[in-house]
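# Structural description and commentary
Listed below are the residues making up each chain.
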Amino acid sequence: MSAPSVLIAGCGDVGSRLAKQLLAAGWEVHGLRRDVSKLPAGVIGVAGDLFNEDCPATWPVGAVDYLVYCAAATDHDEAGYRAAYVQGLQNVLSWLDDYGQVPERLIFVSSSSVYGQQEGEWVDENSETIAAGYSGRLMLEAEQVALNSGIPASILRLTGIYGPGREWLLTQVRRGYRVAVDPPLYGNRIHADDAAGLLAFLLEKARQGVKLEDFYIGVDDAPAPLAEVVGWLREYLGVTEWSEDASVRRTGSKRCSNARAKALGWTPTYPSYREGYAAILEGKC
């Protein structure tokens, strides 16, 4: 049996972590990004721009068994999000059609921004999507493009991704970051390795013929109040001072559930922020 092939469109940080995991499992991996020199060793580079309608010259001509759309917005405004998530996906689907390629499964990487709940409610895949901003609204629009593509599709709604190179909170804590304590502002997060691991897990399940749901949430086991996370990091880092101009976050909050993914058999390597941030700070990931 030949190795399953996957095209990761938007093969950046999470996509590259996914590529390494799939290569280790014997997959053939194609990675689409502007600068293919940044792809992990072993990935077949597809030099292209998701925002350009022209099909990349190095587009794979053989079968594409699976497609993972894992783009990131270059410009963080409404036009940038539309280009990255709606138009970019439409371009990739058009290129597949040009070559007569019909993947067995499309996994579209979305965001928990589609949920606008504000009062610390628990949220799962059946919760109402009440996106409060343009990012969530455009993600919902892109999700529908995926689900209506004619390719069996699953949407993975990732929560706040952190990991090496994604250390904004650590930087803020070192500067004396302070946040509202009451009411608690719940945050949801997933380590970048676990985000990639969940994608790899879903692809393997699809390859095995397991019926996947339309939607999954990618989050660790322990959504926690941001003040709790900041307090733990302050103690871990030995930060004792508060900055006078430190940010005070007072936005809405929600708690996302990973019960559906776990029921399928997925287990995060970093079940809470404690394990994840400790691994980062100790250089273990």
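What counts as what
- Residues numbered from 1 in each chain as written.
- Predicted model: local features only at pLDDT ≥ 70, side-chain atom pairs only at ≥ 80, totals over all residues.
- Heavy atoms only, no water.
- Salt bridge = Lys/Arg side-chain N within 4 Å of Asp/Glu carboxyl O.
- Helix = DSSP H or I, 4+ residues; strand = E, 2+ residues; numbered from the N terminus.
- Buried < 20%, exposed > 50% of the residue type's maximum accessible area, 1.4 Å probe, protein only.
- Pairing = 2+ DSSP bridges.
- Axes fitted to C-alpha atoms, helices over the stretch in contact; angles between N-to-C directions.
- Expected span 1.5 Å × (residues − 1).
- Core = buried A, V, L, I, M, F, W, Y, C linked by side-chain atoms within 4.5 Å.
- Contact = heavy atoms within 4.5 Å.
- Right-handed = clockwise from strand over helix to strand, strands pointing away.
- UniProt positions renumbered as here; feature names shortened; annotations may be inferred.
- Phe/Tyr/Trp six-rings, centres within 6.5 Å; stacked < 30°, edge-to-face > 60°.
- Parallel < 35°, antiparallel > 145°, perpendicular 65-115°, else oblique.
- Left-handed = near helix turned anticlockwise from the far one by under 90°.
- Nonpolar A, V, L, I, M, F, W, Y, C, P; charged D, E, K, R; others polar.

Applying the stated criterion across every chain yields a total of 11 salt bridges. In this structure, the salt-bridge partner of Arg274 is Glu228, at a minimum N-O distance of 3.2 Å. Of this pair, Arg274 sits in helix 8 (residues 273-281) while Glu228 sits in helix 6 (residues 226-237), and the two are 46 residues apart along the sequence. Of the residues examined, Arg274 reaches a relative accessible area of 36% and is grouped as partly exposed. Given a relative accessible area of 35%, Glu228 falls into the partly exposed group. In this structure, a network of salt bridges that share partners links the residues Asp13, Arg17, Arg166 and Asp193.

All right, on to the sheet that holds strand 2 (residues 28-33) then. Strand order in the open sheet made by the 7 strands is 3-2-1-4-5-7-11, with parallel pairing throughout. The open sheet has two free edges, formed respectively by strand 3 (44-47) and strand 11 (215-218), since each of these has just one partner strand. On average, each strand axis in the sheet is tilted by 20 degrees relative to the strand beside it, whichever way the strands run. With 5 bridges joining them, strand 1 (residues 5-9) and strand 2 adopt parallel strand pairing.

In a regular helix each residue adds 1.5 Å, so 12 residues correspond to 16 Å; helix 1 (residues 13-24) covers 17 Å between its end C-alpha atoms and thus fits that length. All of the buried residues along helix 1 are Val14, Gly15, Ser16, Arg17, Leu18, Ala19 and Leu22. Within two residues after helix 1, Gly26 carries a phi angle of roughly 95 degrees, on the positive side.

What follows is about the nonpolar core. A general feature of soluble globular proteins is that nonpolar side chains tend to end up buried together. Counting 37 residues, the largest nonpolar core has Leu50, Trp59, Tyr69, Tyr85, Val92, Leu96 and Phe108 as the members making the most contacts within it. The leading source of residues in this core is helix 2 (residues 78-98), at 9 residues. Beyond its immediate sequence surroundings of up to four residues, Phe108 is in contact with Tyr69, Tyr85, Leu89, Met139, Ala142, Glu143, Ala146, Ser154, Ile155 and Leu156. Residues Val14, Ala19, Tyr66 and Leu198 belong to the second largest nonpolar core, which totals 32 residues.

Our next topic: the pairing of strand 5 (residues 105-111). With 7 of 7 residues buried, strand 5 is to be regarded as a mostly interior element. Alternating residues of strand 5 divide into Arg105, Ile107, Val109 and Ser111 and Leu106, Phe108 and Ser110, and every residue in both groups is buried. For strand 4 (residues 66-69) and strand 5, the ladder comprises 4 bridges, and the chain directions are parallel. Residue pairing across strands places Tyr69 opposite Phe108, the latter belonging to strand 5. Note that the unit made of strand 4, helix 2 and strand 5 has a crossover that is right-handed.

Moving on, we get to unusual backbone geometry. In this structure, Pro183 follows Asp182 across a cis peptide bond, with omega equal to 0 degrees. Inspection of the secondary structure puts Pro183 in the loop between helix 4 (168-174) and strand 9 (186-187).

As a further point, take the UniProt feature "domain: NAD-dependent epimerase/dehydratase" (unreviewed entry) in the chain. UniProt marks residues 6-218 with the feature "domain: NAD-dependent epimerase/dehydratase" (unreviewed entry), using the numbering shown here. In residues 6-218, the share of helix is 33% and the share of strand is 23%. The end C-alpha atoms are 20 Å apart.

Our next topic: the packing of aromatic side chains. Evaluated as defined, the whole model comprises 9 aromatic pairs. Pairing Tyr81 with Tyr85 gives two aromatic rings, centres 5.3 Å apart and planes at 50 degrees, and the pair type is tilted. Of this pair, Tyr81 and Tyr85 are both found in helix 2, 4 residues apart, which corresponds to roughly one turn of the helix. No difference in accessibility class separates Tyr81 from Tyr85, as the two residues are buried. Judged by centre distance (5.5 Å) and plane angle (85 degrees), the ring pair of Tyr81 and Tyr134 falls under edge-to-face.

For the rest of this paragraph, the subject is the packing of helix 1 against helix 5 (residues 192-207). Packed helices, taken two at a time, are described by the angle their axes make and the gap between the axes. At a minimum axis separation of 8 Å, helix 1 and helix 5 run at an interaxial angle of 55 degrees. When the interaxial angle is binned, helix 1 and helix 5 end up oblique. By crossing handedness, the relation of helix 1 to helix 5 is classed as right-handed. Of the residues in helix 5, those in contact with Asp13, Val14, Arg17, Leu18, Gln21 and Leu22 of helix 1 are Ala192, Asp193, Ala195, Ala196, Gly197, Leu199, Ala200 and Leu203. Of the residues contributing to the contact of helix 1 with helix 5, the split by class is 9 nonpolar, 2 polar and 3 charged.

By secondary structure assignment, the location of Ala227 is in helix 6. Relative accessible area serves as the criterion here: at 23%, Ala227 is assigned to the partly exposed category. Residues Ala227 and Ala83, spaced 144 residues apart in sequence, show a C-alpha to C-alpha distance of 35 Å. Among all residues touching Ala227, those that are not within four sequence positions of it are Val179, Ala180 and Val181.

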